[in-house]
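Each chain, written out:
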Amino acid sequence: MLRFPPSMLAATDVFNAQCTLGVFKEWNAACEKHNSYGKNQILECSKLMVSFYQKAAVGKITSVHRKYSMFKYGNVVKYKPTSFLLEAWF
């Protein structure tokens, strides 16, 4: 993940969250306007983030997964990752 600039990580994370919550299904002109990254630039980073999210509960370091499964933090790990992001969705 260090090969991506912080602004791309932030844009990708917001997009992945919106896809997970059902707000967006594709990278559109509004997304590009607000952060200047195109569809192809976001694709690789998005796929990596979703794959990390899917593996969070079974890896060697599961403390973050356990933390965000608590009621105190909104049980956010109960949201299923959007697997369509792992496919070529552009």
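Report follows, based on the coordinates. (Residues numbered from 1 in each chain as written. Predicted model: local features only at pLDDT ≥ 70, side-chain atom pairs only at ≥ 80, totals over all residues. Heavy atoms only, no water.)

A short note on the pattern of salt bridges
Point 1. Evaluation of the coordinates by the stated rule reveals one salt bridge.
Point 2. For the salt bridge of glutamate 44 with arginine 3, the shortest nitrogen-to-oxygen distance reads 3.0 Å. A residue pair is termed long-range when its members are at least 10 positions apart, and glutamate 44 in helix α3 (residues 39–55) and arginine 3 in the segment before α1 (6–20) qualify at 41 residues.
Point 3. Its relative accessible area of 43% is what places glutamate 44 among the partly exposed residues. (Salt bridge = Lys/Arg side-chain N within 4 Å of Asp/Glu carboxyl O. Helix = DSSP H or I, 4+ residues; strand = E, 2+ residues; numbered from the N terminus. Buried < 20%, exposed > 50% of the residue type's maximum accessible area, 1.4 Å probe, protein only.)

Details of a nonpolar patch on the surface
Point 1. On the surface, Leu21, Val23, Tyr53, Val64, Tyr68, Val76 and Tyr79 cluster together into a nonpolar patch covering about 640 Å² of accessible area.
Point 2. Mapping valine 23 onto the fold places it in the loop between α1 and α2 (29–35).
Point 3. Look at valine 23 and you get exposed, because its relative accessible area is 54%. (Patch = residues over 30% accessible without salt bridge, like charges linked within 9 Å, V, L, I, M, F, W, Y side chains within 5 Å. Areas by Shrake-Rupley, 256 points an atom, 1.4 Å probe, with all protein chains shown as cover.)

Examining the packing of aromatic side chains
Point 1. Inspection of the entire model under this criterion finds two aromatic pairs.
Point 2. Where phenylalanine 15 meets tryptophan 27, the ring centres are 5.2 Å apart and the plane angle is 85°; that geometry is what we call edge-to-face. Of this pair, phenylalanine 15 sits in helix α1 while tryptophan 27 sits in the loop between α1 and α2, and the two are 12 residues apart along the sequence.
Point 3. For phenylalanine 15, a relative accessible area of 1% puts it in the buried group.
Point 4. When the ring centre of tyrosine 73 is taken as reference, the NZ or CZ atom of lysine 67 above it lies at 5.0 Å. (Phe/Tyr/Trp six-rings, centres within 6.5 Å; stacked < 30°, edge-to-face > 60°. Lys NZ or Arg CZ within 6 Å of the ring centre and 35° of its normal.)

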